[in-house]
Amino acid sequence: MAKGYWIAHVHVHDPERYKSYLAEAGPAYKEHGANLLVRGGQASEVWGTGLGARHVVIEFESLEKAWACWNSEQYQKAKLHREAASTGNIVIVEGSA
C-alpha cells in the first residue's frame, strides 16, 4: 500500500499563536501514526516563488490515514490556530516511491 504525505509550505506571521497549533496538532499526528520527516530548518528556494519560510513533510502509513488525520476533530481544532497564525499551502499526496 502506498504511503500518504502532507506537504506544507508556510509563512508564520504570529509565532506565539503558531505554538498553540503545534501543541494541539501533536495529539492528532500521534493518533494517526504521523512521522514528521521535515519540519522547519534551513531551506533554499531553487525554483518557483513564494513558498513560505517553513516547510513540512509528514508521512502516514497510507493516504487514508493522512486524510483521517486531516479530518479528525483534534486536527480541525488545531487548524484554527494555524489559520490565525500563518498563511501557506498544504497538499495531501499519495506516495509512489
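Let us look at the structure shown here. (Residues numbered from 1 in each chain as written. Predicted model: local features only at pLDDT ≥ 70, side-chain atom pairs only at ≥ 80, totals over all residues. Heavy atoms only, no water.)

## As for the overall build of the protein chain
Now for step 1: The number of helices and strands found in the protein chain is three helices and four strands.
Now for step 2: N-terminal to C-terminal, the α/β element order of the protein chain is β-α-β-β-α-α-β.
Now for step 3: Summarising its shape, the C-alpha atoms of the protein chain cover approximately 35 × 30 × 15 Å along the three principal directions.
Now for step 4: Residue burial in the protein chain is summarised as follows: out of 97 residues, 32% are buried.
Now for step 5: Once local pairs closer than 6 in sequence are excluded, the contacts in the protein chain between residues at least 24 apart make up 79%.
Now for step 6: Counting 10 positive and 11 negative side-chain charges, the protein chain places the averaged centre of each group 5 Å from the other. (Helix = DSSP H or I, 4+ residues; strand = E, 2+ residues; numbered from the N terminus. Buried < 20%, exposed > 50% of the residue type's maximum accessible area, 1.4 Å probe, protein only. Contact = heavy atoms within 4.5 Å. Lys, Arg positive; Asp, Glu negative; His and termini not counted. Charge placed at Lys NZ, Arg CZ, Asp CG, Glu CD.)

## Concerning the pairing of strand E3 (residues 54-60)
Now for step 1: Most of E3 sits out of view: five of its seven residues are buried.
Now for step 2: One ladder, built from seven bridges, connects strand E1 (residues 4-12) with E3; its direction is antiparallel. Note that in E3 the partner of Trp-6 across the bridge is Ile-58. (Pairing = 2+ DSSP bridges.)

## Side note on the nonpolar core
Now for step 1: Residues Trp-6, Tyr-21, Tyr-29 and Tyr-75 are the most contacted members of the largest nonpolar core, which totals 17 residues.
Now for step 2: Elements with a contribution of two residues or more to this core: E1, helix H1 (15-31), E3, helix H2 (63-71) and helix H3 (73-85).
Now for step 3: Ranked by residues supplied to this core, first place goes to H1 with five residues. (Core = buried A, V, L, I, M, F, W, Y, C linked by side-chain atoms within 4.5 Å.)

## Some thoughts on the side chain of Lys-79
Now for step 1: Examined against the element boundaries, Lys-79 turns out to sit in helix H3.
Now for step 2: In this structure Lys-79 comes out as buried when scored by relative accessible area, which is 14%.
Now for step 3: A polar contact is formed between the side chain of Lys-79 and the side chain of Gln-76, at a distance of 3.3 Å.
Now for step 4: What Lys-79 contacts, discounting residues up to four positions off in sequence, is Tyr-21 and Trp-70. (Polar contact = N/O pair within 3.5 Å; in protein donor to acceptor, adjacent residues only side chain to side chain.)

## Some points on H2
Since the α-helix packs 3.6 residues into each turn, any two residues three or four apart lie on the same face.
Now for step 1: Buried within H2 are the following residues: Leu-63, Ala-66, Cys-69 and Trp-70. Around the axis of H2, the buried residues are gathered within 125° of arc, so they sit on the same side. For H2, the exposed residues set more than 90 degrees away from the buried face come down to Glu-64 and Asn-71.
Now for step 2: Contacts made by the buried residues of H2 are with E1, H1, E3, H3 and strand E4 (86-94). (Arc of directions from axis to C-beta.)

## Re the sheet that holds strand E2 (residues 35-39)
Now for step 1: Taken in spatial order, the four strands of this open sheet run E2-E3-E1-E4, and their pairing is antiparallel. This sheet does not close on itself; its edge strands, each paired only once, are E2 and E4. Strand-to-strand twist of the sheet, defined as the mean angle between neighbouring strand axes without regard to direction, takes the value 15°.
Now for step 2: Along the sheet, H1 contacts E1, E2, E3 and E4; its crossing angle with E1, the most-contacted strand, is approximately 170°.
Now for step 3: Running over the sheet, H2 touches E1, E3 and E4 and is turned about 150° from E4. (Axes fitted to C-alpha atoms, helices over the stretch in contact; angles between N-to-C directions.)

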